[in-house]
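# Notes for the structure review
Chain by chain, the residues run as shown.
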Amino acid sequence: MERNFKMQTQKKPWVYTPKKITFLRSLGYGMNDLNGSAWGTLVGSYLMVFLTTYAGLNAGLVGTMLLVLKLLDMVICGVLGGISDHLFSTAIGRKLGRRHTLFLFGAILTVICFPLLFTIHPGSYIWYFIVLLFLEIAQDFDNIAYETLATEMTSKAEERVKLSSVRMFVSAFGTFAVTGLPAILLKVLGENSASAYTISGIIFGIALAAGTLITYFSTWEFSPEHVEQFESANKKESKKGFREVINDYRQVLKTKACRRTCVIYFVSYFGKDCFNTAFFFYTMFLIGMGQADAQAASSLSILGMIVVPVATIFMYKKGPKFLWTVAFSCQIFVLAVYILLYFSGIHLSATVMFALVFILSALWQIGRQTSEYTVWNVIPLVPDIDTMVSTKLRAGTFAAVQTFTRKITGALGSALIGWILDLSGFDKSLSTQTDMAKMGIMLSFAIIPLICFIYSMYLIRTFNLSQHTHKIVKDEIDRLQGGGSKKDALPETKSVIEDLTGYPYDKVWNSSN
């Protein structure tokens, strides 16, 4: 009797205790995205420049190395996603949380490996390969845990938008910091100072790990009891083996909203990463801009901190499709201007060209931040569409797919740029490149990204997931979970669910999916 009383009065662990989502708690949630934004910007912008210029590595081999890392990461990411969803079955997962356990591992690896990446080891491919591999694993730990949290912290779309909006504000600052700090240090220490990157690496390693730990203590997740109760009410008990994990990935990607989100995410981010990676080669080797000035132009990403509150207003009023249209239109315009300047043969003075690059960079950053804001407000809504199909809580599985999608875009972008530069005869020791090398830079910098953003614009035509349609799906999940009959579904509900899932209504809410 005394034992039962103690069990009933035992306080639920903080990691499973929901709290009111205030601005400060949203800020705590968003702090981990210092990590994601910094890493994505780093890989998609000046990592290639650092490795080829200061570490003396061949651009083509660097590209191949990054691609091999992503292929390894594909396996690691897939394993961690499946483990994350089922980690509550272990003692550490039940004590610390199946998501929050991953944060701790990610923070430890980040604080150790980030500074090591920017130490100089000329010609040492093995050193940079090993350090990058551990950093990729750190990102897997952080991101797979992170992308599930908004879904598990609240079921309300408006609260998820609040969390994601504050997160994107933090992300905008992180993107600015990872380009702005090296720019300042290069100005202070000298245009060709490798120490500027080494110091940046130390600072970033500490700051990013701290951001992850703040998120660790500011957030919560589904309890093991909640997950077991929800899933056991909708399916027979079965052993969760490797085959089931693989099947989960296959089934998640069969859902239309999940698949379409990943494709838009992949194509648009691939275009952005190609542009960012080649931007420094364009400014330094085609128009003769100094490295510090090129970093300064990239640091206009600080405009993202203004974009986020404006985009939040339009997210509520117009929805994701409108914001994506605005974002991709801005990026297409910028790329079209760069292509027109190059192929028209127009020659501008150094001062005018410098001003034009800054204006175009500002417009690019507005489009980039709007696009990123939009996708990160859509992603927390997607797992519920999969739940509507499968009756399962597979946010970790979708997070693994999404995390790998993001990381493979950066790697493919860097690999492609490296290969193109190598094949076109690019020589970093030459201040004036050959016509073939210049064409290789333009292909990487503007032409490939332009194709990506035109295709992204095409993809969003029939993308109809929004706060309104998500609420319809969530209400139907709650109705069916409460014992309601599928026969009683409203015609509008059926239509929305069929559009978002790609399944006939009578095939959804089926544990075999």
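Cut-offs and rules
Residues numbered from 1 in each chain as written. Predicted model: local features only at pLDDT ≥ 70, side-chain atom pairs only at ≥ 80, totals over all residues. Heavy atoms only, no water. Helix = DSSP H or I, 4+ residues; strand = E, 2+ residues; numbered from the N terminus. Rg over C-alpha atoms; globule rule 2.2 N^0.38 Å. Buried < 20%, exposed > 50% of the residue type's maximum accessible area, 1.4 Å probe, protein only. Contact = heavy atoms within 4.5 Å. Areas by Shrake-Rupley, 256 points an atom, 1.4 Å probe, with all protein chains shown as cover. Expected span 1.5 Å × (residues − 1). Bend = angle between axes of the 7 residues up to and from the residue. Patch = residues over 30% accessible without salt bridge, like charges linked within 9 Å, V, L, I, M, F, W, Y side chains within 5 Å. Salt bridge = Lys/Arg side-chain N within 4 Å of Asp/Glu carboxyl O. Axes fitted to C-alpha atoms, helices over the stretch in contact; angles between N-to-C directions. Parallel < 35°, antiparallel > 145°, perpendicular 65-115°, else oblique. Left-handed = near helix turned anticlockwise from the far one by under 90°. Nonpolar A, V, L, I, M, F, W, Y, C, P; charged D, E, K, R; others polar. Phe/Tyr/Trp six-rings, centres within 6.5 Å; stacked < 30°, edge-to-face > 60°. pLDDT = per-residue confidence, 0-100.

Right, let's talk about the overall build of the protein chain for a bit. Counting its regular elements, the protein chain contains 22 helices and 0 strands. Relative to the 2.2 N^0.38 estimate, which gives 24 Å for 513 residues, the radius of gyration of the protein chain is 23 Å and therefore close to what a compact globule would have. Each principal axis of the C-alpha atoms in the protein chain carries an extent, and together these give about 80 × 50 × 40 Å. Expressed as a percentage of its 513 residues, the buried residues of the protein chain come to 59%. Once local pairs closer than 6 in sequence are excluded, the contacts in the protein chain between residues at least 24 apart make up 83%. Here the protein chain displays about 20700 Å² of accessible surface, and carbon together with sulfur accounts for 68% of that area.

For the rest of this paragraph, the subject is helix 7 (residues 100-117). Here helix 7 spans 26 Å end to end across 18 residues, near enough to the 26 Å set by a 1.5 Å rise per residue. Within helix 7, the axis deviates most sharply at Thr 110, by approximately 30°. For helix 7, the complete set of buried residues consists of His 100, Thr 101, Leu 102, Phe 103, Gly 106, Ala 107, Leu 109, Thr 110, Cys 113, Phe 114, Pro 115 and Leu 117.

Turning our eyes to something else, we now look at the side chain of Thr 52. Within the secondary structure layout, Thr 52 lies in helix 4 (residues 47-53). Excluding anything up to four places from it in sequence, Thr 52 contacts Leu 57, Asn 58, Ala 59, Val 62, Phe 281 and Lys 428.

Together, Ile 108, Val 111, Ile 112, Leu 116, Ile 202 and Ile 206 line one region of the surface with nonpolar side chains, adding up to about 510 Å² of accessible area. Broken down by element, the nonpolar patch gets its largest block of residues, 4 residues, from helix 7. Within the secondary structure layout, Ile 202 lies in helix 10 (residues 195-218). We classify Ile 202 as partly exposed; its relative accessible area is 43%.

Two elements in contact, helix 7 and helix 8 (residues 125-153), have axes separated by 8 Å at closest approach and are oriented at 150°. The orientation of helix 7 with respect to helix 8, classified from their angle, is roughly antiparallel. Between helix 7 and helix 8 the crossing geometry is left-handed. Here the residues of the contact of helix 7 with helix 8 sort into 22 nonpolar, 3 polar and 1 charged.

All right, on to the packing of aromatic side chains then. A complete count under the given rule lists 36 aromatic pairs for this structure. Here the aromatic rings of Phe 266 and Phe 270 are separated by 6.0 Å at their centres, their planes lie at 0°, and the arrangement is stacked. Pair noted here: Phe 266 and Phe 270 are both in helix 13 (residues 256-285), with a separation of 4 residues, about one helical turn. Among the residues examined, Phe 266 registers a relative accessible area of 28% and is labelled partly exposed. Take Phe 270: its relative accessible area is 13%, and that puts it in the buried class. With a centroid separation of 5.3 Å and 75° between ring planes, the pair formed by Tyr 282 and Tyr 338 is classed as edge-to-face. With Tyr 282 in helix 13 and Tyr 338 in helix 16 (residues 320-344), the pair connects residues that are 56 residues apart, well separated along the chain.

Turning our eyes to something else, we now look at unusual backbone geometry. Leave glycine aside and you will find that most residues have negative phi; peptide bonds, for their part, are mostly trans. Even without being a glycine, Thr 391 presents a positive backbone phi close to 70°. Structurally, the position occupied by Thr 391 is in the loop between helix 18 (382-390) and helix 19 (395-423). Under the relative-accessibility criterion, Thr 391 is labelled buried at 2%. Residues other than glycine seldom take positive phi values, yet Trp 509 does so here, at roughly 55°. In this fold, Trp 509 is placed in the segment after helix 22 (491-501). What makes Trp 509 buried here is its relative accessible area of 14%.

What follows concerns the pattern of salt bridges. Enumeration according to the criterion identifies 12 salt bridges in this entry. Arg 99 serves as the salt-bridge partner of Glu 152, at 2.7 Å between the closest nitrogen and oxygen. With Glu 152 in helix 8 and Arg 99 in the loop between helix 6 (91-96) and helix 7, this residue pair connects regions lying 53 residues apart in the sequence. Each member of the pair, Glu 152 as well as Arg 99, is classed as buried. Two residues, Asp 386 and Arg 394, come together in a salt bridge whose shortest N-O distance is 2.7 Å. Judged by its relative accessible area of 2%, Asp 386 falls in the buried class.

Once that is clear, we can look at the environment of Ala 55. Position of Ala 55 among the secondary structure elements: in the loop between helix 4 and helix 5 (59-86). The class of Ala 55 is buried, set by a relative accessible area of 0%. The spatial distance from the C-alpha of Ala 55 to the C-alpha of Ser 124 is 7.7 Å, given a sequence separation of 69 residues. With near-sequence residues (within four places) excluded, Ala 55 lies in contact with Phe 50, His 121, Pro 122, Gly 123 and Tyr 128.

Relative to the helices and strands, Thr 493 is located in helix 22. Dropping the residues within four chain positions of it, Thr 493 is found in contact with Ile 472 and Glu 476.

Inspection of the secondary structure puts Ile 199 in helix 10. A relative accessible area of 34% places Ile 199 in the partly exposed class. Each C-alpha atom, one on Ile 199 and one on Ala 489, is 60 Å from the other, the two residues being 290 residues apart in sequence.

What follows covers the environment of Lys 254. With respect to the secondary-structure elements, Lys 254 resides in helix 12 (residues 242-254). Taking the C-alpha atoms as reference, Lys 254 lies 30 Å from Gly 367; in sequence the two are 113 residues apart. Sequence-distant contacts of Lys 254, that is, excluding residues within four places in its chain, are made with Arg 259, Thr 501 and Tyr 503.

The next thing to look at is the confidence of the model for the protein chain. Averaged over all residues, the pLDDT of the protein chain equals 85, while 93% of them reach at least 70. For residues 1-9, every residue scores under 50 in pLDDT, and the model assigns this stretch 0 contacts once sequence neighbours within four places are set aside.

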